[in-house]
Amino acid sequence: MKSHINRRHVLLGTLILVFLGLLVLSVLLSVMIGAVPISLKDVYRIILYNTTRLAIGDADTLTHGTLYEIVWNVRTPRVIMAAVIGVTLAVCGVVMQATVQNPLADPYILGISSGASLGATFSIMIGASALFTGVLAAMGTAFWAFGGALGAMGLVMLLAHMGGGRLTSAKLVLAGSVVGSLCGAFTNMMIYIGQDAENMKSVTYWLLGSMVSARWDKLAMPGICLGFGVLFFLTQTRTLNTLLLGDEAAVTLGVNLGKWRRIYMIATSLMAAVAVCTCGIVGFVGLMIPHIVRGFAGSDHRFLLPLAALSGGIFLIWADVIARVLIPKSEIPIGVITSAIGAPIFVYMMVRKSYGFGGAD
Amino acid sequence: MEIESKGVSVTLSGREIVHRVSVQVKDRQFVGLLGPNGSGKTTLLKSIYRVLKPSEGAVCIDGEDIRRMSYRESAKRTGVVSQFTSMSFDFSVEEMVLMGRAPHKTALSRDTEEDYRIAEEALRRVDMLDFRDRSFLTLSGGEKQRILLARALAQQVEILVLDEPTNHLDIKYQIQIMDVVKSLGVGVLAALHDLNLTLMYCDYVYVLKNGSVVAEGPTEDVITEALIRRVYEVDCSVQRHPKTGKLHVVFFPGSVGKGE
């Protein structure tokens, strides 16, 4: 009897470990890079002390001083945030594509990004205090972005359920684009009548995403939410595989399609909404990373999901490094970087032909 | 193990496609479902394998209403080979067949040596073992059909529901698939177009027309020249073949719509 230890599986399993190593390496290396270059030794020392209390060298520099501030309070949380968001968006992308059985889906498909844009634009251009009093007036941009995202998601689900019948992927995609253009119209309207150059700049900045705001205290909430979300999906790989076979096959293989599709969609959308209100809309990662990884790892979620997660984290860490060093003393929105890198890679994959974007050529 | 539909009606977009149909597959019986295009065969089967919900009536496995079972529970007992619809993602043939093990697995359990052995055996039965590492979407229609049967075999069920399982297959594989299914010794409910295959393999048949059962009984009693004339509107001759000892149907060219 041939052993089931398939060579391909061993290869992909090894690849997961390699990518895990690369992710850790990326964190350490990327903390070195920036306006003030810092040696790997110092980075390693400071991170090690602050995570495990193991002191190497002068103990004073491990908790005080510029070096400590830059490494531990500025760059490390920022790099971790990039990794967390990258992992989340990649996982949400993979799950969303399986859930709606459409390889062109991304985590924002239920109108998350357009709803969040609307919320954020409203908060920046008009300001919550102009319309509301009390608690609502005091809430910041992130709150309105999250609210907008949830509102859009609810509307999409509502539209997709309208007229009865089952929740099909086609209905969801259509409802998503309807809500998307509706929110887009209002967003543009607000920008147009707002006419305030400074606010316009902050809206644009917000819409394109940035890791600038990362601090430890701001990282805790999204980190925990997204961590649980990602772990949950790592236990769902078998069901996800079954979903890819199509509605009918999934049912005949014992998967309660309607139930799982709803759970997955709501979970991924909530995760995407948390990601968006943490650091703005980082485009392309959730669409591109799953495709690239599927190109070499195949559609089996047992390998695809962890590999895509790690790739997403690594990719966003380096995209953020580019965002902060490309133009000295200035930051480029990370969404610009991800799209600028992502688009050519995507074109290359299309031209290469051997990858059928999920389908057969 | 038995499966039956009890007075099942199915309504799609306001039209009743299947009207109070009762069919029954007794233990290890090979049951054929006949009827012209649009007679409701596929719709009835879909309500039996839970993709469509009956508007009245019930589907029962061993007397237990399937609505009271989880999807996993019914998938452990009933395997399905339906007409293949397109898929946007690719899998290897082996991965595809292994998914037949899904109903027997919990979320976190891994595929065991046993699962691989079952998948391998299923592939061997449909003569596709050499294709195990091929990508599923690059296969021909007939090859895909055989892989889907292998997946249902890997499910290790006691009832198989087949919707035109011999579609896209050349005659060798039509006979091979029917032989494989017959040799399993499980209950089978198969929608079939080919009356000769039906006569060769089925113990019992139901004939549907316009969503209702118009005839049922042991295969040789039901498939008669008069019934074929009435249901399919063609002329033919039903004879016993000297070598096989089975009835077979010969159709007459140019007979559509004449007579009556």
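Residues numbered from 1 in each chain as written. Chains lettered and ligands numbered in written order. Predicted model: local features only at pLDDT ≥ 70, side-chain atom pairs only at ≥ 80, totals over all residues.

Here the focus is the pairing of strand β4 (residues 56-61) of chain B. By the bridge criterion, 5 bridges tie strand β1 (residues 3-12) of chain B to β4 of chain B in an arrangement that is antiparallel. Counted as the bridge partner of I3 of chain B is I61 of chain B from β4 of chain B. (Pairing = 2+ DSSP bridges. Helix = DSSP H or I, 4+ residues; strand = E, 2+ residues; numbered from the N terminus.)

All names here are of chain B. Domain assignment breaks chain B into domain 1 (3-223) and domain 2 (224-260). If you look at the interface, domain 1 gives 13 residues, while domain 2 gives 10 residues. Elements represented by at least two residues in the side of domain 1 that touches domain 2 include exactly α7 (195-201), β9 (204-209), β10 (212-218) and α8 (219-222). Among the elements that take part in the side of domain 1 that touches domain 2, α7 stands out by supplying 4 residues, more than any other. A breakdown of the residues in the side of domain 1 that touches domain 2 according to their chemical character gives 9 nonpolar, 2 polar and 2 charged. (Domains from an automatic or database assignment. Contact = placed C-beta atoms within 7 Å. Nonpolar A, V, L, I, M, F, W, Y, C, P; charged D, E, K, R; others polar.)

With 27 residues of chain B at the contact, the number on the chain A side is 26 residues. In terms of residues, the side of chain B that touches chain A owes the most to one element, helix α2 (residues 71-77) of chain B, which gives 4 residues.

Our focus in this paragraph is the domain arrangement of chain A. All names here are of chain A. What the domain assignment reports for chain A is domain 1 (23-72) and domain 2 (82-352). Measuring from the centre of the C-alpha atoms in domain 1 to the corresponding centre in domain 2 gives 31 Å. Counting from both sides, the interface comprises 6 residues of domain 1 and, opposite them, 9 residues of domain 2.

Moving on, we come to the nonpolar core. Ranked by size, the top nonpolar core spans 182 residues in total, and within it V91, I112, A149, V276 and A308 of chain A together with V97 and V188 of chain B carry the most contacts. V276 of chain A has contacts with I112, S113, A116, A145, A149 and I281 of chain A, leaving out every residue within four places of it along the chain. (Core = buried A, V, L, I, M, F, W, Y, C linked by C-beta atoms within 7 Å. Buried ≥ 20, exposed ≤ 12 C-beta atoms within 10 Å, placed from the backbone.)

This part takes up the sheet that holds strand β5 (residues 64-65) of chain B. Residues and elements named next belong to chain B. As summarised here, the arrangement of the 4 strands in space is β2-β1-β4-β5, forming an open sheet in which the pairing is antiparallel. Both edges of this open sheet fall to β2 (15-25) and β5, since each of them pairs with a single strand only. In this structure, β1 lies alongside β2, joined through 7 bridges in antiparallel fashion. When the bridges of β2 are listed, T11 appears paired with E16.

What follows is about the sheet that holds strand β7 (residues 159-163) of chain B. All names here are of chain B. Pairing within the open sheet is mixed, and its 6 strands lie in the order β6-β7-β8-β3-β9-β10. Two strands bound the open sheet, and with one partner strand each, they are β6 (78-81) and β10. The sheet shows a mean angle of 15° between the axes of neighbouring strands, direction not considered. Sheet topology note: the β7/strand β8 (residues 187-191) ladder contains 5 bridges and is parallel. Along β8, the bridge assignment pairs L160 with V188. Packed on one face of the sheet, helix α5 (residues 141-154) meets β6 and β7 and runs near 175° to β6. (Axes fitted to C-alpha atoms, helices over the stretch in contact; angles between N-to-C directions.)

Let's shift gears to helix α13 (residues 257-279) of chain A. Taking 1.5 Å per residue, 23 residues should reach 33 Å; α13 of chain A reaches 33 Å between its end C-alpha atoms and fits that length. Immediately downstream of α13 of chain A, the backbone of G280 of chain A shows phi near 80°, a positive value. (Expected span 1.5 Å × (residues − 1).)

Further remarks concern the environment of K53 of chain B. Residues and elements named next belong to chain B. Inspection of the secondary structure assignment puts K53 in the loop between α1 (41-48) and β4. The exposure class of K53 is exposed, given the 12 C-beta atoms found within 10 Å. Considered as a pair, K53 and V238 are 185 residues apart in the sequence and their alpha carbons are 38 Å apart.

Looking now at unusual backbone geometry. One non-glycine residue with positive phi stands out, namely Q101 of chain A, at about 50°. Here Q101 of chain A lies in the loop between α3 (65-99) and α4 (112-126). Despite not being glycine, E164 of chain B shows a phi value in the positive range, around 45°. Examined against the element boundaries, E164 of chain B turns out to sit in the loop between β7 and α6 (171-183). Since 20 C-beta atoms lie within 10 Å of it, E164 of chain B is described here as buried.

Let us now look at the packing of helix α10 (residues 216-234) of chain A against α13 of chain A. Residue and element names in this part refer to chain A. It is at 10 Å that the axes of α10 and α13 come closest, and there the two elements cross at 150°. One finds that α10 runs roughly antiparallel with respect to α13. At the point where α10 passes α13, the crossing takes the left-handed sense. Contacts from P222, C225, L226, G229 and F232 in α10 reach A267, M271, V274, A275 and T278 in α13. Split into classes, the residues belonging to the contact of α10 with α13 amount to 8 nonpolar, 2 polar and no charged. (Parallel < 35°, antiparallel > 145°, perpendicular 65-115°, else oblique. Left-handed = near helix turned anticlockwise from the far one by under 90°.)

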